[in-house]
Protein chains: 2
Amino acid sequence: MGGRVEIAPGTPQGLSRRRFLTRVGMAGGAATLYGSMAALGLTAGPAAADEFRPPRQNELPTNARGRTSVVILGAGIAGLTAAYELQKAGYDCHILETRDRPGGRIRTIRGGDTLTDTDGVTQTAEFDDGQYFNAGPARIPNHHVTLDYCRELGVSIEALVNANAESLYYHENTGSTDYGPLANTPITHRQAKADYYGYVSELLATAVDQGALDDVLSTDDAERLISFANSFGDLRGGKYVGSGRRGYTEAPGAGHTSGVFDEPPPMSAVLHSQMGNRFSFEFGFNQAMMMWQPVGGMDRIPFAMADAVGKKNITYNATVTEIRNTSSGVVVAYTSGRPGRTRTIQADHCIATIPPMVLRDISSNLSNETKTALAVPTGANTGKIGLQYKRRFWEEDEKIFGGITATNMDVAGIWYPSSGFLGQKGVIVGYYSGAYTDLSIAEREERAVAQGVKIHGDAYRDELETSFSIAWTKVPEALGGWANWPNPRGDAYEHLLKPDGHIYFAGDHLSHNIGWQAGAIDSARMAVMNLHERLVATAA
Amino acid sequence: MGGRVEIAPGTPQGLSRRRFLTRVGMAGGAATLYGSMAALGLTAGPAAADEFRPPRQNELPTNARGRTSVVILGAGIAGLTAAYELQKAGYDCHILETRDRPGGRIRTIRGGDTLTDTDGVTQTAEFDDGQYFNAGPARIPNHHVTLDYCRELGVSIEALVNANAESLYYHENTGSTDYGPLANTPITHRQAKADYYGYVSELLATAVDQGALDDVLSTDDAERLISFANSFGDLRGGKYVGSGRRGYTEAPGAGHTSGVFDEPPPMSAVLHSQMGNRFSFEFGFNQAMMMWQPVGGMDRIPFAMADAVGKKNITYNATVTEIRNTSSGVVVAYTSGRPGRTRTIQADHCIATIPPMVLRDISSNLSNETKTALAVPTGANTGKIGLQYKRRFWEEDEKIFGGITATNMDVAGIWYPSSGFLGQKGVIVGYYSGAYTDLSIAEREERAVAQGVKIHGDAYRDELETSFSIAWTKVPEALGGWANWPNPRGDAYEHLLKPDGHIYFAGDHLSHNIGWQAGAIDSARMAVMNLHERLVATAA
């Protein structure tokens, strides 16, 4: 499907291929669908990489069903997906997981949870019952395969508020940048957008009126553009003079209260704030609303999938110590239960989903090329802090129900909880850069609170009850929030897409959705397809 | 607080006065707060109209507590709010309601519900258990007082998806307008925005580069504008050549699947579509996300408030037949139970929340001025159809989880349900214009389905199980979706803000949030304040 698709009535734009096919099928019946499939190259040859062809039981030789064994390293979402899909086709799967629970980096922190970091420091969460935060992945877009598994596994979802007109932008002046009159001032997304869109529309209308765009616009297009600018910017007589869209000093109400809004700041102050450069975050393919989260915490997904895979097929507290290809399969050694007590497991195949930052330090007879490749990615230095407040002041006082305040401080994002609305307590999440990693637990809280106070005032300190922070490079089983590749990714990435002997690799780091559950799922499904197709081809 | 507020660091922009005061208090302590209150004129004289001063029990003369009686006409949210707030101050309130349930136009349609319209046609909803739609108000913005009552009454809320990148725009050509190459083609919001923002940013950058805006932009501002345009439009070398923001033909996935997107349609086709003129809907003060709905149906709010008011204080099936001011109070006659059996109730005061289109036909000794005023508003000719589907094809096939598809057809908006995600069945709502009002029930379904098929294909017809439609001008107790005033509203509106003898008027029609629950609540609170202040002043 290279190149451009011609626009014709009835051809939806901007759909995934699967959606496009669905629509063609709907509109035109089976014959049209078949024709489109042929045109898209889907009826012959290998299917496109983004289409999962689940292994089917009847494709395995009878004597292989339930007897072809796969050991899977890691019960994160990649490992779980691999086991879940292989089991459907009759493979005998077993997962080794170093933690005492499924999910890997999909971690929801609740009261009583503990975390011991690579410095040996242990935190225990003191959140109240029902209070929690997602320390790893926290959002699911509409189009990710993750939702398909939620449906299949019966995991309920609710909105994750990724954008909210009432949340804030905050730019404080730095040594190198002055943000002008709006610096050091929390501004609602609503206001920033109304003011930017207003002034930009005014400029556009001005340019059109002056004939500056006559070379590129027909008379009709120019008229349509002016009409768009008036609507988009809420212009009056071609000028932006403020708008109720930016919020009111006196909101519309009963009787004579028709609503009063301030004059906007001057255009120059708006542009100087540079807040407009933040708008595009929420246009992103993976960040645009709507976004979703499981009810009760992100780990509801891996727990549901682990249930489906079966308790007997997962060994927790199993830390892999050695991985060996043999002539006929793999042998994996691991410690289980008491330290020092080593067991081994043999299997026909292995899928290793352990993050490369950890996997590369495990003894193995993997090829030198593989070892070199595993050494390339680096762990993302990122973290989160969950702050439990005794009162949801952001909702009660500021009418912020979910959403993210974006700042240029190192606690880059302040997430208001997307559940428990109108309740008493809540957990705000600071999503921070590496600047917090080497701070003590107490210092992290102090720093996050000091930055939050600049935006929310003393409530951000005074109403705090307890916090819990995570620095992903210090989590022993992860050594990073995700894996960063060089750009371009190069040979190392290429190499790990192929098996090393009987050992396949999978994880979000082997996808173009790094840091997303969908990346891990898609990668696991690719490993499953590769393994299965090789097996079927060999058996044939 | 007339005129402009100077921008100074620490002064949040775009906040309501109440929020502004809260923030000043947070940042500067009580002394600062007091100073700001004085500056805003809040420490002396009458409070601003948008600030509700709830009546307090200790303000009533002892002998008036529990003995000052108020009869309230209508158990919609206005009447309920009036009773609820007056009761807190010790008034003896009684509500007469013609329906058999509270909520008025706040109606959630569930299986078994019936509706008999002014033509005498009765529908009974055949929705499955758990399937429903909100036939009246269906959304609550962050800042509306409605949420305060949800908190106070313990009504749980969930997201109402008012905007979603995956929902669609659809413009079909009409006799008078040709929408160009994208006509008659469903386009995702995601794509329409990416393409508009891309091309508009390109035009803006072009104008700046040509010096067309040198008169109004400093060099620094021009640079910042270019930076904004690059970010906002995802430009490459100053040009818009498409973007992953518009969606992919092959989404980013595992392995080599880095994502493929089509070239966008030409600028002229994008402008010709006029879809960009729809974007500003979701920038509106009352429409910007986040938006909310009660879990289980909008009528959870009036039911909870009716519980708080008390069963014994509301008479259902009570149709008012006469309203009379007397020298000392009011007498209201109503039929209750068996038709023709008339009862009367006497009270010191009355608050009439019956919509003017209905109230004006009730016998009364209201002044001629009042009668003239009540005759002015007209009932909005609008309606909804709820379509229960046996499969949520919009979620499964099209990845649309909630949101609204906007069309230029007369089924103007197609709402995907904002609850029950990933489930089996769901109710899609068509929000239609008056064009459906005079159709038969069957014809309404046929018309709504035919229009939906143009967007969603045959599934929109084939997977339909049952429907229920409402035309608000034909609902006997409402005679309109809301009340429309002339513009400007004029003397009639002014007149109804004042009591006629002992009779006060309230309802969303006496607010600047017509059609919103908050308008009804604010209006009721204003009537409560007026009534209470007059009583206190008289007693003093």
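Residues numbered from 1 in each chain as written. Chains lettered and ligands numbered in written order. Predicted model: local features only at pLDDT ≥ 70, side-chain atom pairs only at ≥ 80, totals over all residues. Heavy atoms only, no water.

Identification of chain A as FAD-dependent oxidoreductase from Phytoactinopolyspora mesophila is taken from an unreviewed UniProt entry.

So what exactly am I meant to see when it comes to the relation of the copies chain A and chain B here?
One copy of the chain maps onto the second through a rotation around an axis plus a translation along that axis. With an axial shift of 0.0 Å and an RMSD of 0.0 Å, the rotation relating chain A to chain B amounts to 180 degrees. Each copy turns onto its partner about a two-fold axis. When the interface residues of chain A are mapped onto chain B, 100% of them are again interface residues, pointing to one common binding face. (Least-squares fit on C-alpha atoms with pLDDT ≥ 70 in both. Contact = heavy atoms within 4.5 Å.)

Any chance you could explain the domain arrangement of chain A here in plain terms?
Think of interface size as the accessible area that goes away when the parts come together; that is how it is often given. Residues and elements named next belong to chain A. The domain architecture assigned to chain A consists of domain 1 (58–103 + 315–376 + 488–539), domain 2 (108–167 + 292–297 + 382–474) and domain 3 (172–273). Each of domain 1 and domain 2 has a C-alpha centre, and the two are 32 Å apart. Counting residues at the interface gives 13 residues for domain 1 and 11 residues for domain 2. When the buried surface of domain 1 facing domain 2 is broken down by residue, Y84, W516 and Q517 rank first, second and third, together holding 51% of it. Our enumeration of links across domain 1 and domain 2 arrives at one salt bridge. (Domains from an automatic or database assignment. Buried area = accessible area lost by both parts, 1.4 Å probe. Salt bridge = Lys/Arg side-chain N within 4 Å of Asp/Glu carboxyl O.)

Looking at this structure, I do not really get unusual backbone geometry. What am I missing?
Excluding glycine, most residues fall at negative phi; most peptide bonds, likewise, are trans. In the segment running from N487 of chain A into P488 of chain A, the intervening peptide bond is cis, with an omega of 0 degrees. The residue P488 of chain A is located in the loop between β24 (483–484) and α13 (490–496) in this model. At the junction of M289 of chain B and M290 of chain B, the peptide bond is cis and its omega measures out at 5 degrees in the coordinates. Inspection of the secondary structure assignment puts M290 of chain B in the loop between α6 (267–273) and β11 (291–294). One non-glycine residue, D234 of chain A, adopts positive backbone phi at about 55 degrees. Among the secondary structure elements, D234 of chain A is positioned in the loop between α5 (219–233) and α6 (267–273). The buried category is assigned to D234 of chain A, whose relative accessible area is 18%. (Helix = DSSP H or I, 4+ residues; strand = E, 2+ residues; numbered from the N terminus. Buried < 20%, exposed > 50% of the residue type's maximum accessible area, 1.4 Å probe, protein only.)

Would you mind going over the pattern of salt bridges with me for this structure?
A side chain of one charge can pair with a side chain of the opposite charge when the charged atoms of the two come close. Residues and elements named next belong to chain A. Counted according to the given criterion, the structure contains 52 salt bridges over all chains. For K88, the salt bridge identified is with E152, shortest N-O distance 2.7 Å. Highlighted residues: K88 in helix α2 (residues 77–88) and E152 in helix α3 (residues 145–153), separated in sequence by 64 residues. Among the residues examined, E152 registers a relative accessible area of 45% and is labelled partly exposed. Note that R236 and D234 form a salt bridge whose closest N and O atoms lie 3.2 Å from each other.

Is there a simple way to explain the interface of chain A and chain B in this structure?
Between chain A and chain B, the contact holds 124 residues from the first and 124 residues from the second. Taken together, the two surfaces of chain A and chain B that pack against each other cover about 10700 Å², and 60% of this comes from carbon and sulfur. Along the contact surface separating chain A from chain B lie two salt bridges. A salt bridge links K399 of chain B to D148 of chain A, with the nearest nitrogen and oxygen atoms 3.1 Å apart.

Quick question: what am I supposed to make of helix α7 (residues 300–309) of chain A here?
Given 3.6 residues to a turn, an α-helix orients residues that are three or four positions apart in the same direction. Three or more residues of α7 of chain A are buried, namely I301, P302, A304, M305, A306 and V309 of chain A. A positive backbone phi angle near 105 degrees is found at G310 of chain A, which sits one or two residues after α7 of chain A.

Where do I start with the side chain of N142 of chain A in this structure?
Structurally, N142 of chain A can be placed in the loop between β7 (140–141) and α3. Residue N142 of chain A is classed as buried on the basis of its relative accessible area of 1%. Residues contacting N142 of chain A, with those up to four places away along its chain left out, are L147, M289, M290 and W292 of chain A together with N164, E166, K399 and F401 of chain B.

Help me understand the nonpolar core, please; the structure alone is not making it clear to me.
As a rule of thumb, soluble globular proteins bury nonpolar side chains together. Ranked by internal contacts, the top residues of the largest apolar core, which has 146 residues, are Y91, W292 and I351 of chain A together with Y91, W292 and I351 of chain B. Counting 62 residues, the second largest nonpolar core, distinct from the first, contains A207 and L235 of chain A together with L235 and Y240 of chain B. (Core = buried A, V, L, I, M, F, W, Y, C linked by side-chain atoms within 4.5 Å.)

Would you mind showing me how to read the pairing of strand β20 (residues 403–407) of chain A here?
Residues and elements named next belong to chain A. The buried count for β20 comes to five of five residues, which makes it a mostly enclosed element. Here β20 shows a buried face lined by G403, T405 and T407 and a second buried face lined by I404 and A406. One ladder, built from two bridges, connects strand β9 (residues 168–170) with β20; its direction is parallel. Each bridged residue has a counterpart across the sheet, and for Y169 the counterpart in β20 is A406. Pairing of β20 with strand β21 (residues 413–416) involves four bridges; the strand directions are antiparallel. The partner of G403 across the bridge, within β21, is Y416. The turn joining β20 and β21, which pair antiparallel and follow one another in sequence, is formed by five residues. (Pairing = 2+ DSSP bridges.)

Is there a simple way to think about the packing of helix α2 (residues 77–88) of chain B against helix α7 (residues 300–309) of chain B in this case?
Packed helix pairs are characterised by how far apart their axes lie and by the angle those axes make with each other. Residue and element names in this part refer to chain B. Relative to each other, α2 and α7 sit at 35 degrees, their axes nearing to 9 Å. For the crossing formed where α2 meets α7, the hand is left-handed. Side by side, α2 and α7 meet where I77, L80, T81, A83, Y84 and Q87 of the first sit next to I301, P302, M305, A306, A308 and V309 of the second. When the residues that make up the contact of α2 with α7 are grouped by side-chain class, the tally is 10 nonpolar, two polar and no charged. (Axes fitted to C-alpha atoms, helices over the stretch in contact; angles between N-to-C directions. Left-handed = near helix turned anticlockwise from the far one by under 90°. Nonpolar A, V, L, I, M, F, W, Y, C, P; charged D, E, K, R; others polar.)

How should the environment of P54 of chain B be read in this particular structure?
Residues and elements named next belong to chain B. Checked against the element boundaries, P54 lands in the loop between α1 (17–39) and β1 (69–73). Along the backbone, P54 and V528 are 474 residues apart, and their C-alpha atoms lie at a distance of 8.1 Å. The residues touching P54, leaving out its near neighbours within four places in the chain, are E59 and E85.

Just to check I follow, could you spell out the sheet that holds strand β14 (residues 330–336) of chain B for this structure?
Strand pairing in a sheet relies on backbone hydrogen bonds, with the paired strands running either antiparallel or parallel. Residues and elements named next belong to chain B. Strand order across the open sheet formed by four strands is β15-β14-β13-β17, with mixed pairing between neighbours. Of all the strands in the sheet, the pair left with one neighbour each is β15 (342–347) and β17 (363–364). In the sheet, strand β13 (residues 318–325) pairs with β17 via two bridges, with the strands oriented parallel. In the sheet register, I323 faces β17, and the bridge partner there is S364.

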